[in-house]
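A closer look at the structure
One-letter residues, chain by chain:
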Amino acid sequence: MTRIDSSPTKPLSASTVVHASHEPSEWWRDAVIYQVYPRSFADADGDGIGDLPGITSRLPHLAALGIDALWLSPFYRSPQKDAGYDVADYRAVDPLFGTLEDFDVLLEQAHERGIRIIVDLVPNHTSDQHVWFQEALRSPAGSPARARYMFRDGKGADGSTPPNNWQSIFGGPAWTRLPASEDDGPAGPQWYLHLFDTSQPDLDWSNDEVKAEFEDVLRFWLDKGVDGFRIDVAHGMVKADGLPDWSGKTSMVEGTEKPAEQVVDPGAPEDGLVDTSVNGPMFDQDGVHDIYRAWHQVLAEYDGDRCLVAEAWVEPMERLARYVRADEMHQAFNFAFLTTEWDASRLRDIVAESLEMSDSVGAPTTWVLSNHDVSRHASRLGYEDASQRPAGTAGIKPTDPQPDEALGIKRARAASLLMLGLPGSAYVYQGEELGLPDHIMIPDEARQDPSFFRTNGEEIGRDGCRVPIPWEAAAPGYGFGPTGKTWLPQPPSYGTYAADQQRDVEGSTFEMYRRALEVRGEAELGSGSLAWVDEYQGSSDVVALLNRDVVVLTNLGTEAVTLPVGAEVLVASGDHATATEDSGARVPRDTTVWFRV
Ligand code: NOJ
C-alpha cells in the first residue's frame, strides 16, 4: 500500500486538465436529478403502495434536500407485471397511483418550488393488456394489428421452434407462442418477441403507426408541462435485420456477455467507430438514432429546454456517446461509473473517460450510483474483499456472502460525495440520501420481481433496492403511509435510517447530501471543471480533483491522508481529525472531503 501524504506546507497543484468549465446554460447540464420510484416513495391512500399524492406530500423533504428535478418511474395504467414498466395506457394514470389531476397537482407544486419533472417513457414494449396487443391477438397473421409488434412464424414444418434463439433478459426464451386458433396458417400459431417478461411484447419500430403514436405520447406530456423524459431501454427499440441467432447472454444490469464466436455485424456501423456486435443484434442498432433525431425535433418545438435521457446499457463508451450527439438525446445514464469498483485508479479512469467522451459530442456527463434495477451502493460497496461480492449489480441473495453494513454506508457516503463533486449532472435514487442499504432478507414468498420467478429464484431480482422508504422511525411502516402497510416488507434496521432521525442532525447522511448540494450550487460545481491534483496522480489510494476552486478528495486507502495546512473543509463524508496550526486535517480511509486551499 503506497502512502501518499501531501506535504502539509506546499499548496496543491492541478495541471492535468480533463474538462473545462462552461457557463451554466440549459438546466439539465448540471442538474441534480432525484429518482422517485412511485410504488415505494410515499403512500397517501394507505393501500401499501406509494402514489402521486404521496409524492406531493413529501415535496418539502425534496426541496430541503436541494435537488433540481425529479425523475418519476412509470405511474401509467398498467397491470404491474413489471412494476409499471409494462404500460397498458401511456396517457392514463393507474388508479394505484392516483389520477391525471393528481399528476397536475404534483407538477404544479413541484414547479412552484423550482423542481422540474421528468417522466419515464417505455417505448420498447407495451403491456400485453395494451389495446394494440389485444387487437393483435384477435387479428390474423399478416394483419396491420400484428405489424405493430414483432410477430413471426416459428421454424420447422409446424412452426414449433421459436424464430430465433434469443433469451429474455428476465430469463427463459424471448419468444412466446400464441395459443392455436382456427385462423392459423400452415406454420401454426405465431410467436411474439418479448425481450423482457411474456407480458411485455416488443413493438416493431419500423412501423409508422408506432412512430406516430409515440410522438403523440411525447406531446401529450409535453403539453402538460413535463420537463423531460427518461427513455427506457433506449438501445433496444430496433433489432438487426433478419433477427439473427446470437449466442451471447444479455442482462440488463450486467451488460452483455460476448458470444464465444463473435457474430459479425451485418451492416457496417454508421460512423465506422466500433463493431456493434458486442451488444447483440437486439441492442444498439444504428436505426435507434433516427428515432431520437425525430424526438429531438418534437421537444425543440417546446420552450424551456425539455430533455431526453437515455437508459442505454451499451459498451464501449463511444457507442453511448452516439445517443447524446447534438441532434439526439440530451443525457445518457453513465452505468460504467455505477459499475466501477471501489478502486482509485479505476475511478479516475472512468471519470476521465466519461468526461472526454461526452465532451466529444458536447453533452454533459451524468453520474449515477444507484437506481431501482441495481443493488443500492450502500450494500454493493460493503465488501472488504471485493471478490466476495456477488457478480453483477442486480441483487444480493440471503445465501450470498453478506456485506458489512457499516463499511457499506461509510463507502457509500464517500462515493456519493465524490459523485456530487464532479462536473455534469448527477442522479440520486430515493433513499440514498438516507444511506439506505438493500433489504436482502426478503422472504421468497414476498418477492415481486418477474426476474426472480422467470429464473426460478436463481436471480434474486431487484426487490431489495425497491423497499418502501422509512420516513418516521416510530410510525407503523416507518411512516410510509397512514396504515403501516407496505407492498414489500421493510427490514428492522430501516427505523434508524428514517428521515425524521436524520433531518437537522449533524453528521447524518441526509445533512451531508443537503450540505453537498448547497456547496455544489454555490460553487457551481455542476458546470465546473476537472483537473487531477498532481500530488495524487498515480496514487493507488487517493482520487483528488480540482473542480473550479474546490478540491474533492477521496481516500480509498488504509492510511489517513493529511490535507495542506490551512485547507478549509467544506463538507466531509465522515469524521476527519481537525487541522491544527501546523498540521492539516487528516482524512481517514473510505472518506471524501471537499476543501479549498
Ligand atoms: C429498464 C427498467 O429500468 C427496468 O426496471 C425494467 O424492468 C426494464 N427496463 C423493462 O422495461
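Let me begin by describing the structure that accompanies this report. Nothing here was measured: the structure is a model prediction, and the numbers come from that model.

A word on the site of the ligand. For the ligand, the set of nearby residues contains 14 residues, the closest of which are D82, D232, H372, D373 and R462. Between the ligand and the protein, one listed contact pairs an oxygen atom with a side-chain N or O atom of R230 at 3.0 Å. At a separation of 3.0 Å, an oxygen atom of the ligand approaches a polar side-chain atom of R462. The fraction of the free accessible surface of the ligand (300 Å²) that becomes covered by protein chains is 100%. When its residues are assigned to classes, the shell around the ligand shows 5 nonpolar, 2 polar and 7 charged.

Below, the discussion takes up the layout of surface pockets. Its boundaries defined by the atoms lining it, the largest pocket holds a volume of some 630 Å³. What lines the largest pocket is a set of 31 residues, among which T340, E341, W342, D343 and A386 lie closest to the centre. Of all the elements, helix α9 (residues 344–361) adds the most residues to the lining of the largest pocket, at 5 residues. Considered as a void within the structure, the second largest pocket measures approximately 420 Å³ in volume.

Attention now moves to the pattern of salt bridges. Evaluation of the coordinates by the stated rule reveals 37 salt bridges. The closest approach of N and O atoms between R293 and D327, which form a salt bridge, is 3.4 Å. Here D327 lies in the loop between α7 (317–321) and β12 (331–332) and R293 lies in helix α6 (residues 288–300), a separation of 34 residues in the sequence. Taking relative accessible area as the criterion, D327 reaches 34% and is therefore assigned partly exposed. R462 is paired through a salt bridge with D373; the nearest N and O atoms lie 3.0 Å apart.

Definitions and limits used
- Residues numbered from 1 in each chain as written.
- Predicted model: local features only at pLDDT ≥ 70, side-chain atom pairs only at ≥ 80, totals over all residues.
- Heavy atoms only, no water.
- Near = heavy atom within 4 Å.
- Polar contact = N/O pair within 3.5 Å; in protein donor to acceptor, adjacent residues only side chain to side chain.
- Areas by Shrake-Rupley, 256 points an atom, 1.4 Å probe, with all protein chains shown as cover.
- Nonpolar A, V, L, I, M, F, W, Y, C, P; charged D, E, K, R; others polar.
- 1 Å grid on protein atoms, 1.4 Å probe; cavity = no way out; pocket = protein on both sides within 12 Å on 5 of 7 lines; lining within 4 Å.
- Points joined across faces, edges and corners; volume = space filled by probe spheres on them.
- Helix = DSSP H or I, 4+ residues; strand = E, 2+ residues; numbered from the N terminus.
- Salt bridge = Lys/Arg side-chain N within 4 Å of Asp/Glu carboxyl O.
- Buried < 20%, exposed > 50% of the residue type's maximum accessible area, 1.4 Å probe, protein only.

Geometry only, nothing functional implied.
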